[in-house]
Amino acid sequence: ARALPDGVAMLDSVDQLLWCNDAAAAHLGLKVDSDYGLRITNIVRVPGLAAFLQRTQPEGTLNYRPAHNPGQLLSLEAIPFGDGRKLLVSVDITQIERAETTRRDFIANVSHELRTPLTVIHGFLEHMTQAPVQPAEQARRHVTLMAQQSDRMLKLVDDLLMLSRLEAGDSPPREERVDV
């Protein structure tokens with residue numbers, strides 16, 4: 001258990017620290033020599049930790065950012081065992097959170113980039129259907145702008161599809177002749 005990459009702390013029936021591995025000490029800011037025998041809720045200042053540890057149903061996790069390392073996000077799970085004892089397992093989910101944030105930002109940016117050309121095309125089409133007959137030059141300009149914006153959207157969609165294929169890793173390399 002000492003070699004596990006996740007933090008593991010053993011608590012007694014009143015949530016006093018009995019043992020922890022090095023990862024738990026680093027995650028929770030524990031001092032191995034002086035914190036044994038102390039209540040974990042007095043050592044680790046996490047809002048809701050006491051209520052989390054007292055639950056009778058052990059499902060779910062508690063996420064928090066440690067004060068000694070605010071750039072890190074940890075997920076805590078309390079697993080009951082023995083006579084009221086618990087294992088407090090801490091997992092570093094910082095990278096997962098970053099990936100999720102990047103994904104959300106990416107989707108927001110793509111949505112915005114697609115909305116802009118769609119708005120242009122929609123506006124011209126609406127104008128063309130409701131306006132009286134337009135001069136040929138003005139109609140040609142509108143159609144040209146719509147074509148440019150639809151090309152922009154097609155390139156965005158092609159990029160998204162390529163990104164999806166690259167992430168899936170299921171497309172074989174394409175052979176192509178090249179004039180050296």
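Everything below is about the structure printed above this text.
Below: a short report on this structure. (Residues numbered from 1 in each chain as written. Predicted model: local features only at pLDDT ≥ 70, side-chain atom pairs only at ≥ 80, totals over all residues. Heavy atoms only, no water.)

## Remarks on the nonpolar core
Formed by 21 residues in total, the largest nonpolar core has its most connected members in L30, V44, L49, L53, L76 and L88. Elements supplying a minimum of two residues to this core: β1 (7-11), β2 (17-20), α1 (22-28), α3 (40-43), α4 (49-54), β3 (62-64) and β4 (74-81). If we ignore the near neighbours within four places in the chain, the residues touching L30 are L17, C20, A24, A25, D35, I40, I43 and V44. (Core = buried A, V, L, I, M, F, W, Y, C linked by side-chain atoms within 4.5 Å. Buried < 20%, exposed > 50% of the residue type's maximum accessible area, 1.4 Å probe, protein only. Helix = DSSP H or I, 4+ residues; strand = E, 2+ residues; numbered from the N terminus. Contact = heavy atoms within 4.5 Å.)

## Topic: the pattern of salt bridges
Taken as a whole, this structure holds 7 salt bridges when the rule is applied. Its salt-bridge partner being E100, residue R104 comes within 3.8 Å of it at the nearest N-O pair. Of this pair, R104 and E100 both sit in helix α5 (residues 94-130), separated by 4 residues, roughly a single helical turn. On the accessibility criterion, E100 (31% relative accessible area) is partly exposed. Taken together, the shared-partner salt bridges connect E100, R103 and R104 into one network. (Salt bridge = Lys/Arg side-chain N within 4 Å of Asp/Glu carboxyl O.)

## What about the side chain of H142?
Position of H142 relative to the elements: it lies in helix α6 (residues 136-168). H142 sits in the buried class, given a relative accessible area of 5%.

## Let's talk about a nonpolar patch on the surface
Together, F106, I107 and L163 line one region of the surface with nonpolar side chains, adding up to about 240 Å² of accessible area. Examined against the element boundaries, L163 turns out to sit in helix α6. (Patch = residues over 30% accessible without salt bridge, like charges linked within 9 Å, V, L, I, M, F, W, Y side chains within 5 Å. Areas by Shrake-Rupley, 256 points an atom, 1.4 Å probe, with all protein chains shown as cover.)

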